[in-house]
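A structural walkthrough
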Amino acid sequence: MKVNENLIREICEYMGSDLNSAPCKLIREHMEACHNCEVYVDKIKKTIEIYRYADRQEELPDSVSKKLFACLHLDDLTKNCNP
Amino acid sequence: MENNPSEELLVARAKEGDHAALSQLVVNYSSRIYHLGLRLSGSRQDAEDILQETFLIMVKKIGQFQGKSSFYTWLYRIAVNVGLHKLKSKPRKYDHISIDDPDFERISSEAASEWPKFDYDVVNDRRFRQKLDRLIEKLPEKYRTVFILRDLHELSTEDTSRILQITPSNAKIRLMRARNFLKEHLENMIKAEVST
């Protein structure tokens, strides 16, 4: 099976390892023969994407931002602020 | 995430008490810290408290920031400490659950079944998002924090391990377990969602 270079690179990045490191070379050898691992990695990627997508739907509310700046009134940091 | 020269100037000015520079740093990071607090605590009120407390500490202590780490690493460390401290003062929402390593033997031996086609619009549904929230809240803090920093805030392994004061290897192991736990449960959620 032809190795998917991008996939190998992504897995190594996930692992925080260099592409030429020993663990990545082992992964490359394994992936040459394992479709299941490709599916597994794809599911992990989708899991992360779904959580990132969900986070993007939640914005910092304007009211919270305004309160923050009021709280951080830089001339007086301790008054009017009770987190 | 990388420190850029303009941020270094901003931090230098903020250290001298420049109000505009301090405000700009708050603008630059408030959304990220709010999201961090939200994912750590699972509560909007707690996220707001974490946000305020983090920036109060930032403003008070920025004069002590020596630039040994990047500014955002320093700020994230404050926020994580504030968040974890807050969590300790609250009763646990969920019982302890065990988190296992992925069973690679099973993965490689069973027939691979891909996820059903998934429409991201489902995530816009509040009910589904609440399920996602509950799922990540079930993760013990030590795994959840790594997942949040590495995968949701896209920090490097090195920065994550500095912020949490753990080794890079430990950060990688925790991340692998967190991802596997979420994947396993999310897979069931998605199958249930698609079949309804």
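Small disclaimer: the values here were computed from a predicted structure and weren't measured.

The rules we used
Residues numbered from 1 in each chain as written. Chains lettered and ligands numbered in written order. Predicted model: local features only at pLDDT ≥ 70, side-chain atom pairs only at ≥ 80, totals over all residues. Heavy atoms only, no water. Axes fitted to C-alpha atoms, helices over the stretch in contact; angles between N-to-C directions. Helix = DSSP H or I, 4+ residues; strand = E, 2+ residues; numbered from the N terminus. Parallel < 35°, antiparallel > 145°, perpendicular 65-115°, else oblique. Left-handed = near helix turned anticlockwise from the far one by under 90°. Contact = heavy atoms within 4.5 Å. Nonpolar A, V, L, I, M, F, W, Y, C, P; charged D, E, K, R; others polar. 1 Å grid on protein atoms, 1.4 Å probe; cavity = no way out; pocket = protein on both sides within 12 Å on 5 of 7 lines; lining within 4 Å. Points joined across faces, edges and corners; volume = space filled by probe spheres on them. Phe/Tyr/Trp six-rings, centres within 6.5 Å; stacked < 30°, edge-to-face > 60°. Buried < 20%, exposed > 50% of the residue type's maximum accessible area, 1.4 Å probe, protein only. pLDDT = per-residue confidence, 0-100. Buried area = accessible area lost by both parts, 1.4 Å probe. Salt bridge = Lys/Arg side-chain N within 4 Å of Asp/Glu carboxyl O. Expected span 1.5 Å × (residues − 1).

We now examine the packing of helix α3 (residues 44-61) of chain B against helix α4 (residues 71-88) of chain B. All names here are of chain B. Across the interface, α3 lies against α4 with an axial gap of 9 Å and an inter-helix angle of 135 degrees. With respect to α4, the axis of α3 lies oblique. Crossing of α3 over α4 shows right-handed handedness. Contact with α3, carried on its side by Asp46, Asp49, Ile50, Glu53, Thr54, Phe55, Ile57, Met58 and Lys61, involves Phe71, Trp74, Leu75, Ile78, Ala79, Val82, Gly83 and Lys86 of α4 and no other residues of that element. A per-class count over the contact of α3 with α4 returns 10 nonpolar, 2 polar and 5 charged.

Within this model, the second largest pocket holds a volume of roughly 400 Å³. Lining the second largest pocket are 16 residues, and of these Glu58(A), Leu38(B), Arg44(B), Arg129(B) and Asp133(B) sit closest to its centre. Put simply, the parts of the chain that give the lining of the second largest pocket at least two residues each are α3 (35-56) of chain A together with α2 (19-41) and α7 (126-138) of chain B. It is α7(B) that provides the largest number of residues to the lining of the second largest pocket, a total of 7 residues.

Enumeration according to the criterion identifies 6 aromatic pairs over all chains in this entry. When the centroid spacing of 5.8 Å and the interplanar angle of 85 degrees are considered together, the rings of Tyr51(A) and Phe147(B) count as edge-to-face. Taken together, the residues span two chains, with Tyr51(A) in helix α3 and Phe147(B) in helix α8 (residues 141-152). The same class applies to Tyr51(A) and to Phe147(B), which are both buried. With a centroid separation of 5.8 Å and an interplanar angle of 40 degrees, the aromatic rings of Phe71(B) and Trp74(B) are classed as tilted. Of this pair, Phe71(B) and Trp74(B) are both found in helix α4, 3 residues apart, which corresponds to roughly one turn of the helix.

Residue and element names in this part refer to chain B. Here chain B averages 88 in pLDDT, while 89% of its residues score no lower than 70. Averaged over each element, pLDDT in chain B is lowest for helix α5 (residues 104-109) (63) and highest for α3 (96). The complex model carries a pTM of 0.84, and its ipTM stands at 0.87.

Tallying the contact residues gives 39 residues for chain A and 57 residues for chain B. With both chains or domains summed, chain A and chain B bury close to 4400 Å², and 66% of this area falls on carbon and sulfur atoms. Joining chain A to chain B, the criterion identifies 5 salt bridges. The partner of Glu48(B) in a salt bridge is Lys67(A), with the nearest N and O atoms 2.8 Å apart. Put simply, the parts of the chain that give the side of chain A that touches chain B at least two residues each are α1 (5-15), α3 and α4 (62-71) of chain A. Here the side of chain A that touches chain B gets 16 residues from one element, more than from any other, and that element is α3(A). Taken together, the residues that form the side of chain A that touches chain B break down as 22 nonpolar, 7 polar and 10 charged.

So, about α3(B). If you check α3(B), its first and last C-alpha atoms are 26 Å apart, about what 18 residues at 1.5 Å a residue would give, namely 26 Å. Listed as buried for α3(B) are Asp46(B), Ala47(B), Glu48(B), Asp49(B), Ile50(B), Leu51(B), Gln52(B), Thr54(B), Phe55(B), Leu56(B), Met58(B) and Val59(B).

As a further point, take the pattern of salt bridges. One pass over the full model with this rule turns up 15 salt bridges over all chains. We note a salt bridge from Lys46(A) to Asp42(A), for which the minimum N-O separation is 3.0 Å. Taken as a pair, Lys46(A) and Asp42(A) lie in helix α3 at a separation of 4 residues, close to a single helical turn. Lys46(A) gets classed as partly exposed once you look at its relative accessible area, which sits at 28%. Residues Asp49(B) and Lys86(B) are paired through a salt bridge, measuring 3.5 Å at the closest nitrogen-oxygen approach. On the criterion of sequence distance, the pair formed by Asp49(B) in helix α3 and Lys86(B) in helix α4 is long-range, its members being 37 residues apart. Each of the salt bridges in this network shares a partner with another, and the network as a whole consists of Lys43(A), Lys183(B), Glu184(B), Glu187(B) and Lys191(B).

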